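# Structural overview
If you want the building blocks of each chain, they are given just below.
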Amino acid sequence: MTPLKRITIRDVSERAGVSTAAVSYVLNGREGKVSQETASKVRRAASELNYIPDFSARSLAGTRSKLIGVVIPQTEDQKQLLLQNPFYSELVCGIEARLRQSGYHMILSGVDKGEGYLDTSMQRNLDGAIIMGIYQESFYDDLKRVKVPIVLIDSYVNDSYFQTVSIDDEAGGYMATKLLIDNGHTNIALVTGLIRKDGVVEKRFLGYKRALKEAGLFYNSDYVFEHSVSYEYGQEAAAALAAGHPEITAVFATSDLVALGVLRGLSDAGKRVPEDVSVVGFDDIPVARMCNPPLTTVRQNIVARGAMAADRLLKAIEEGEDSVADDPSVARLELAIRQTVQRLMPN
């Protein structure tokens, strides 16, 4: 594993062959105090070493900041995922509680599409980071340059540099769809966020398709409603399927937030759940038990997953340069049977 060594001003000065004071002048925008040649050497050395200014650097080498970055990448055009989706709130609760128990503090941030995390993390002098969601390959390349332990949640990136905590999303999608099939449903819609290669949503989509194939049912792409992981889109998709596909008798929504929107959209369209349309969600966020009717869903222990991610990160920090990425941690899934699925009686 790449050594977890931060690049310092001293490293830059040694590479450039100039004093640390000269490096400090250049990197802090006071180039008038050094020659143009020296400034060029410093900038070139800083670039070659991937040096990032550390605005909270400690005076004692090796001192830990006790700060952990927790990042929610904004992989869709939903700018307030933490506030809009209770899944993230539950996950963050699990992370924060475990970090606090170990004497660490959490810095929570979102990263918009196309924005890097490198500058942010190093300027904060973080001891490690937990990254949720998926990103383009260059984002992960940037993360490796940070040279601090990193745990990925809900990412299928195949890179031994990172620790990972996940669930079997494909199995969860299969589990939800098979429940509907076992209750006599054959025309089953999928309401989901954008299906990206190697993302969580794609895995749940593949589980949906596997259950259909196993049951000898035809996969109809017209039954896949794909846009965003939001309550509003759940409403919109429910309205569309109620108006355009009266033959659909069941819906698998790839998150509870979407499923709640589906329940509302079906109600607005005059459809009863589960008498007319059965619905299964995914996650088991707290409100799934509180809605009317209570939502049948695929349950994962979200808070426990957050704590698991924190544990793996803390272990990597303690091991320091000897840290080696463990095998991925895969959390358990189960069905939470409530009141939104009804057996379809043959005509």
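Quick summary incoming for the structure in this document. In this text, all values refer to a predicted model and were calculated from it rather than measured experimentally. (Residues numbered from 1 in each chain as written. Predicted model: local features only at pLDDT ≥ 70, side-chain atom pairs only at ≥ 80, totals over all residues. Heavy atoms only, no water.)

Another point: the overall build of the protein. The helix and strand tally for the protein stands at 12 helices and 12 strands. Counting only residues that meet the buried cut, the protein has 50% of its 347 residues in that class. The contacts of the protein with a sequence gap of at least 6 include a subset with a gap of at least 24, amounting to 72%. Entry remark: accessible area of the protein is about 16,300 Å², with carbon and sulfur atoms responsible for 48%. (Helix = DSSP H or I, 4+ residues; strand = E, 2+ residues; numbered from the N terminus. Buried < 20%, exposed > 50% of the residue type's maximum accessible area, 1.4 Å probe, protein only. Contact = heavy atoms within 4.5 Å. Areas by Shrake-Rupley, 256 points an atom, 1.4 Å probe, with all protein chains shown as cover.)

This part is about the environment of I188. Here I188 shows up in strand β6 (residues 188-193). Exposure remark for I188: the relative accessible area of 1% places this residue in the buried category. Excluding anything up to four places from it in sequence, I188 contacts T177, L180, I181, Y208, L212, Y223, A250 and F252.

Quick look at the packing of aromatic side chains now. Applying the stated criterion to the full structure yields 3 aromatic pairs. When the centroid spacing of 5.1 Å and the interplanar angle of 80 degrees are considered together, the rings of Y161 and F162 count as edge-to-face. Taken individually, Y161 and F162 each receive the classification buried, so the pair is uniform in this respect. With a centroid separation of 6.0 Å and an interplanar angle of 65 degrees, the aromatic rings of F205 and Y219 are classed as edge-to-face. Separated by 14 residues along the polypeptide, F205 in helix α9 (residues 200-214) and Y219 in the loop between α9 and β7 (224-227) bring together distant segments of the chain. Residue classification places F205 among the buried residues on the basis of a relative accessible area of 11%. The aromatic ring of F282 is capped on one face by R204, whose charged end is 3.7 Å from the ring centroid. The ring of Y174 carries R210 above its face, with NZ or CZ at 3.9 Å from the centroid. (Phe/Tyr/Trp six-rings, centres within 6.5 Å; stacked < 30°, edge-to-face > 60°. Lys NZ or Arg CZ within 6 Å of the ring centre and 35° of its normal.)

Grouped together as the largest cluster of nonpolar side chains are 67 residues, with contacts concentrated most on M132, V191, Y208 and V279. Setting aside its immediate chain neighbours within four residues, V279 contacts V251, A259, V262, L263, L266, V273, L295, T296, T340 and V341. (Core = buried A, V, L, I, M, F, W, Y, C linked by side-chain atoms within 4.5 Å.)

For strand β10 (residues 296-300), the buried fraction is high: 4 of the 5 residues fall into the buried class. In terms of strand pairing, strand β9 (residues 278-283) meets β10 through 4 bridges, oriented parallel. Paired with G281 across the strands is T297, a residue of β10. (Pairing = 2+ DSSP bridges.)

Packing of helix α5 (residues 86-101) against helix α12 (residues 302-319) brings their axes to within 7 Å, and their N-to-C directions diverge by 40 degrees. With respect to α12, the element α5 is oriented oblique. Of the two elements, α5 crosses α12, and the hand of that crossing is right-handed. On α12, the residues that touch F87, E90, L91, G94, I95, R98 and L99 of α5 are I302, V303, R305, G306, A307, A310, D311 and L314. Taken together, the residues that form the contact of α5 with α12 break down as 9 nonpolar, 2 polar and 4 charged. (Axes fitted to C-alpha atoms, helices over the stretch in contact; angles between N-to-C directions. Parallel < 35°, antiparallel > 145°, perpendicular 65-115°, else oblique. Left-handed = near helix turned anticlockwise from the far one by under 90°. Nonpolar A, V, L, I, M, F, W, Y, C, P; charged D, E, K, R; others polar.)

As a further point, take the pattern of salt bridges. What the rule picks out here adds up to 15 salt bridges. In this structure, the salt-bridge partner of E170 is R210, at a minimum N-O distance of 2.6 Å. Within this pair, whereas E170 is found in helix α8 (residues 169-182), its partner R210 is found in helix α9, the two being separated by 40 residues in sequence. Its salt-bridge partner being K178, residue D182 comes within 2.9 Å of it at the nearest N-O pair. In this pair, D182 and K178 both sit in helix α8, 4 residues apart, roughly one turn of the helix. For K178, a relative accessible area of 29% gives the class partly exposed. Taken together, the shared-partner salt bridges in this structure form one network comprising D284, R299, R332, E334 and R338. (Salt bridge = Lys/Arg side-chain N within 4 Å of Asp/Glu carboxyl O.)

A separate point is the side chain of H185. By secondary structure assignment, the location of H185 is in the loop between α8 and β6. Using a relative accessible area of 3% as the deciding quantity, one classes H185 as buried. In terms of polar contacts, H185 uses its side chain to reach the side chain of T249, at 2.8 Å. Within the local environment of H185, its side chain forms a polar contact with the side chain of S278, the two groups lying 3.3 Å apart. (Polar contact = N/O pair within 3.5 Å; in protein donor to acceptor, adjacent residues only side chain to side chain.)

Attention now goes to helix α3 (residues 36-48). Between its first and last C-alpha, α3 extends 18 Å over 13 residues, near the 18 Å set by a 1.5 Å rise per residue. Within α3 the residues assigned to the buried category are T38, A39, V42, A45 and A46. Around the axis of α3, the buried residues are gathered within 135 degrees of arc, so they sit on the same side. Structural note: α3 exposes Q36, E37 and S47 on the side pointing more than 90 degrees away from its buried face. A positive phi of about 55 degrees marks N50, the residue just after α3. (Expected span 1.5 Å × (residues − 1). Arc of directions from axis to C-beta.)

This part is about α5. When the terminal C-alpha atoms of α5 are compared, their 23 Å separation across 16 residues agrees well with the 22 Å that a helix rising 1.5 Å per residue should span. Turning to α5, its buried residues are F87, Y88, L91, V92, G94, I95 and L99. Projected down its long axis, α5 carries its buried residues within an arc of 155 degrees, all on one side. Set apart from the buried face of α5 by more than 90 degrees, the exposed residues are R100 and Q101. Two residues or fewer past α5, G103 is found with a positive phi of approximately 85 degrees.

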